[in-house]
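Breakdown of the fold
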Amino acid sequence: MAGRALFVGLMLLASVTPGAHAATLELPPAGASSCGGCHAPPGVDTAVPTLHGKTAAEIVAQMQSFRSGAQPSTVMDRIAKGFTDPEIEAIAAWYARQK
Amino acid sequence: MMKHAISRRGVIAGLGAVTLGAPFVSAQAAPRVVVIGGGFGGATAAREMKALLPGADVVLVTNERTFTACPFSNLVIVGERELTAQEFGYRSIEKAGVRVAYSAAKSVDGSARVLTLEDGTTLPFDRLIASPGIDINWEGLPGYGMAAAEKMPHAWKAGTQTTLLRRQLEAMDDGGLVVMAVPANPYRCPPGPYERASLIAHYLKTRKPKSKLLVLDAKDMFSKQRLFLSAWAALFPDHLEWVGLSKGGKVLSVEPESLTFVTEFGRHTAAVANVIPPQRAAAIAAAAGIADATGWCPIDPATFESRLVPGIHVLGDASIAGAMPKSAFSANAQAKVCAAAVATLLTGGTPPEPRLINTCYSLVTPDYGISVAGVYHPAGGVIAEIKGSGGVSRADAPPDVRAAEALYAKGWFTTVTREVFG
Ligand SMILES: Cc1cc2nc3c(=O)[nH]c(=O)nc-3n(C[C@H](O)[C@H](O)[C@H](O)COP(=O)(O)OP(=O)(O)OC[C@H]3O[C@@H](n4cnc5c(N)ncnc54)[C@H](O)[C@@H]3O)c2cc1C
């Protein structure tokens with residue numbers, strides 16, 4: 001019990017100095033974790049192409065052409081339309097860092 | 001939010017200044033996160049939690065040793081897939097450092113923050129994540145109780161119910177009438193009944209061509225309706241009849257002894273009867289005080305924290321997730337966002353505003369897939385669809401696109417089950 005209480009106390013302390021501890025947390029940018037529902041790392045037996053190994057610029061370009069319709073797709077047009085350019089750039093940069 | 005602050009202060013007040021004054025470095029006690037339910041939402045949340053905060057003590061509470069996945073179980077019903085392909089264990093999750101407790105969650109003391117399991121174990125937590133899925137609402141349809149489900153299977157929780165319905169279809173003579181009852185919203189997997197209807201019609205057309213499926217629906221409008229209706233008109237004109245609410249489709253009661261469905265407009269007696277009954281959040285939600293009068297759990301749209309009990313987060317089918325449908329895809333996406341929010345809260349940060357995606361694929365035949373997709377964000381206190389995003393597959397798509405979507409559907413299942421259980 002004491003441990004828990006201690007922890008709650010600390011949470012409160014930590015929240016007084018925003019981000020003090022949060023720096024050690026590496027969270028994916030908004031939306032990125034949902035892409036992984038369909039896009040697997042390499043080696044998974046799926047018809048959906050992997051995003052690992054692509055550069056950020058490639059991912060940004062493809063997302064933009066899905067959104068505009070320049071690149072035909074079954075589902076990516078509908079998904080890309082939910083993201084702004086800065087959001088796509090953040091997701092692309094994050095994917096480009098994944099091993 | 002206010003409630004949360006008060007409850008924290010309550011705890012602190014009981015502690016005195018010693019704790020508050022403790023130096024930050026003595027934060028040795030690992031944060032404790034307990035997750036209820038080892039399905040799509042819970043298993044994802046537990047694993048993601050451990051990945052984000054390796055120092056946390058994460059316990060996954062599951063009432064089954066083997067999880068049986070519902071997506072693709074409609075293929076099992078029509079003999080196109082085996083149930084074993086739906087079954088997943090927790091070994092990899094344990095290997096990832098999550099402790100797995102194989103017992104049902106029984107009660108939650110939300111103010112003491114302790115979960116008690118059926119086997120007597122007590123699990124104190126700093127944050128609880130609940131993704132217990134659905135229970136059948138056995139009071140929801142007169143005549144339909146647990147015994148009736150042995151005669152008129154629901155097959156809406158995958159497992160023995162799935163194989164029961166399959167055996168009944170296999171045993172049916174050619175020329176038999178299959179009847180399916182579909183409930184009003186909300187329920188698990190909005191397009192699921194229509195995928196099942198399609199695949200049963202496909203099975204009848206190819207295996208028992210003198211037979212027919214009658215779908216009795218408590219709604220006039222449903223998910224991917226135009227796509228389903230036009231596919232049915234083209235593929236199954238003689239094998240599938242759908243009757244909506246305004247045409248008398250609402251089933252008022254069932255009579256299991258004679259496999260009879262009673263509607264406002266008449267009675268239908270089936271050779272094989274599939275009742276998809278009304279549902280609600282699994283029983284632990286009511287026991288924990290996180291379900292409201294609707295039977296489902298209201299949540300904060302950014303953190304999935306319960307609106308009713310602070311410190312408990314709810315996701316997946318059990319939650320009221322606004323525009324997001326009750327799907328495995330949603331549960332998986334929500335679990336990752338929820339784990340990120342919980343990890344942030346536990347380390348003293350402010351959870352970022354999330355974006356979520358859902359895509360529900362449905363099979364009209366094993367190689368004819370359609371989908372509905374959406375991108376979501378918190379807006380006005382609920383999870384709302386981002387304007388201009390999402391929608392359904394193109395109405396005029398050629399067969400190769402339908403075939404591609406069927407492949408992508410299978411790819412999604414492989415990817416998500418591998419991410420969660422592999
Ligand atoms: C026929 C059918 C087809 C479907 N097809 C699709 C599809 O194609 N795509 C899609 O995205 N979704 C699909 N779904 C929906 C999908 O199955 C659910 O939305 C998904 O399982 C929800 O995840 P969850 O974590 O909320 O619940 P679940 O996955 O059901 O997990 C809940 C788990 O918690 C356990 N539990 C409950 N109470 C307790 C307790 N007290 N203690 C411990 N454990 C407990 C349950 O036994 C279960 O193992 C389909 C559903 C059906 C019925």
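Structural data are supplied above this passage.
Cut-offs used in this document
Residue positions within a chain follow its written sequence, with the count starting from 1. All chains are assigned letters beginning with A, and all ligands numbers beginning with 1, in the order in which they are written. Restriction of local features to residues with pLDDT of at least 70 applies here, the model being predicted, together with a cutoff of 80 or more for giving and counting side-chain atom pairs; totals for whole chains, interfaces and linings are based on all residues. Side-chain measures were taken over the full set of non-hydrogen atoms in the model, leaving aside hydrogen atoms and water. If even one non-hydrogen atom of a residue comes within 4 Å of a molecule or strand, that residue is called near it. Pairs of N or O atoms are called polar contacts if they sit within 3.5 Å, as long as, within protein, a hydrogen donor faces a hydrogen acceptor (for residues adjacent in sequence, only side-chain-to-side-chain pairs). Numbering of helices and strands runs from the N terminus, with a helix taken as a DSSP run of H or I at least four residues long and a strand as a DSSP run of E at least two residues long. The domain limits used here are those given by an automatic or database domain assignment. Pairing between strands is defined by DSSP: at least two bridges between them are needed. To define axes, lines are fitted to C-alpha atoms, for helices over the stretch in contact only, and angles between the resulting N-to-C directions are given on a 0 to 180 degree scale.

Side note on the site of the ligand
All names here are of chain B. Surveying the vicinity of the ligand reveals 34 residues, the closest of which are Gly-41, Asn-63, Glu-64, Arg-188 and Asp-317. In the environment of the ligand, an oxygen atom lies 3.5 Å from a nitrogen or oxygen atom belonging to the backbone of Lys-326. Ala-328 places a main-chain nitrogen or oxygen 2.9 Å from an oxygen atom of the ligand. At the level of elements, α3 (40-52), β2 (57-62), α4 (73-77) and α11 (328-346) are the ones that each hand at least two residues to the shell around the ligand. Considering each element in turn, the shell around the ligand owes the most residues, 3 residues, to α11. Lining the shell around the ligand are residues from two domains, each supplying at least three of them: domain 1 (8-133 + 282-421) and domain 2 (148-275).

A look at the sheet that holds strand β17 (residues 272-275) of chain B
All names here are of chain B. Strand order in this open sheet of 4 strands is β13-β12-β11-β17, and the pairing throughout is parallel. Of all strands in the sheet, those with a lone pairing partner are β13 (240-243) and β17, marking the two edges. Each strand axis lies, on average, 15 degrees off the axis of its neighbour in the sheet, ignoring direction. Across 6 bridges, strand β11 (residues 177-182) lies against strand β12 (residues 212-217) in parallel orientation. Looking at β12, one finds that Val-182 is bridged to Asp-217.

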